[in-house]
Amino acid sequence: MPTPDFSAMLRWPNVPACYGWLSLDQRGRWRMRGETLSHRGLSDFLNRQYAHDEDGNYFVQNGPQRVFVALDYTPWVVHLPAPNRLETQVGETVDELRGAAIDEEGNLLLEIPPGIALLCDRDLPALLPCLRLADGAVADDDALLAAIAREPGEVGALTLVWQEQRLPVRTVRRCEVPQRYGFIASPQEAPPGTAP
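Owing to the predicted nature of the structure, the values given are computational and were not obtained by experimental measurement.

Calculation criteria
- Sequence order sets the numbering: in each chain, residues are counted from 1 along the sequence as written.
- With the structure being a predicted model, the display of local features is reserved for residues of pLDDT at least 70 and the display and counting of side-chain atom pairs for 80 or more, all residues being used for whole-chain, interface and lining totals.
- Hydrogens and waters are ignored; side-chain quantities use all the structure's heavy atoms.
- We treat two strands as partners when DSSP finds at least two bridges between them.
- Helix numbers and strand numbers start at the N terminus; a helix is a DSSP run of H or I with at least 4 residues, a strand a run of E with at least 2.
- Relative accessibility decides the category of a residue: with a 1.4 Å probe and only protein chains considered, values under 20% of the type maximum give buried, values over 50% give exposed, and everything between is partly exposed.
- The directions from the helix axis to the C-beta atoms are what the arc is built from.
- Whether two residues are in contact is decided by their heavy atoms, any of which lying within 4.5 Å being enough.
- Positive: Lys, Arg. Negative: Asp, Glu. His and the chain ends are not part of the count.
- Salt bridges are defined as contacts in which a side-chain nitrogen from Lys or Arg sits within 4 Å of a carboxyl oxygen from Asp or Glu.

Q: How do you make sense of the pairing of strand β14 (residues 155-162) when you look at a structure like this?
A: Within a regular strand, the side chains alternate between the two sheet faces. Both strand β13 (residues 131-132) and β14 contribute to a ladder of two bridges, which runs antiparallel. Each residue of the ladder has a partner; that of leucine 131, found in β14, is leucine 160. Bridge count between β14 and strand β15 (residues 165-171): five bridges; the pairing is antiparallel. Pairing of threonine 159 across the sheet is with proline 168, part of β15. Connecting β14 to the next strand, β15, in antiparallel fashion are two residues, including glutamine 163 with a positive phi near 45 degrees.

Okay, structure coming up:
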């Protein structure tokens, strides 16, 4: 992943952080005050400057200022730009999957090196043939519904088969995803007088 430019912080170390302006939606699109950004240059800048702190707050480094990002779901969203290629919302190719989970809404989550990612809903139909049963058959609707209904943490009969990897698909509840994968979905400004 690209490393954001933090050099302006050395010249202006006390610029206050910005909250509540920028968000990342479930399809990996940047939103400013709820409006989807369409300017390619601005989106490219945000993608290059996207990072996180040690507490799991995601932000965009804008010169000396950190603009914290509210996440509609996960800090990473992956797409299938080609049949055998996954790519994050910032345009980086995903070469490794470390795990897979499905939530109660049928969203597919993929553990990638930078963190947990949501597969964009538009790409889910193309990836469904990669969800297999124990006998290797492609999972049908009944198997998918059974996986969604399992208790959180259970490993069901589904396996994600992706580029010679076979990953068991765990069940997770959406509300537990931030804590389980170590990120803050809605960064908040510290109250006045508290240590940052």
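Q: Can you help me understand helix α2 (residues 40-48) in this one?
A: Turn by turn, an α-helix covers 3.6 residues, leaving residues three or four places apart pointing in a common direction. Among all positions in α2, only Ser43, Leu46 and Asn47 are buried. Seen end-on, α2 carries its buried residues on one side only, within an arc spanning 100 degrees. Where α2 is buried, its residues contact β1 (18-24), β2 (30-32), β4 (50-52) and β5 (58-62).

Q: Quick question: what am I supposed to make of the side chain of aspartate 123 here?
A: For aspartate 123, the position within the fold is in the loop between β12 (115-119) and α3 (124-127). Buried and unpaired, aspartate 123 has no salt bridge, with arginine 122 as the nearest side chain of opposite charge at 8.0 Å. Residues contacting aspartate 123, with those up to four places away along its chain left out, are Val78, His79 and Leu80.

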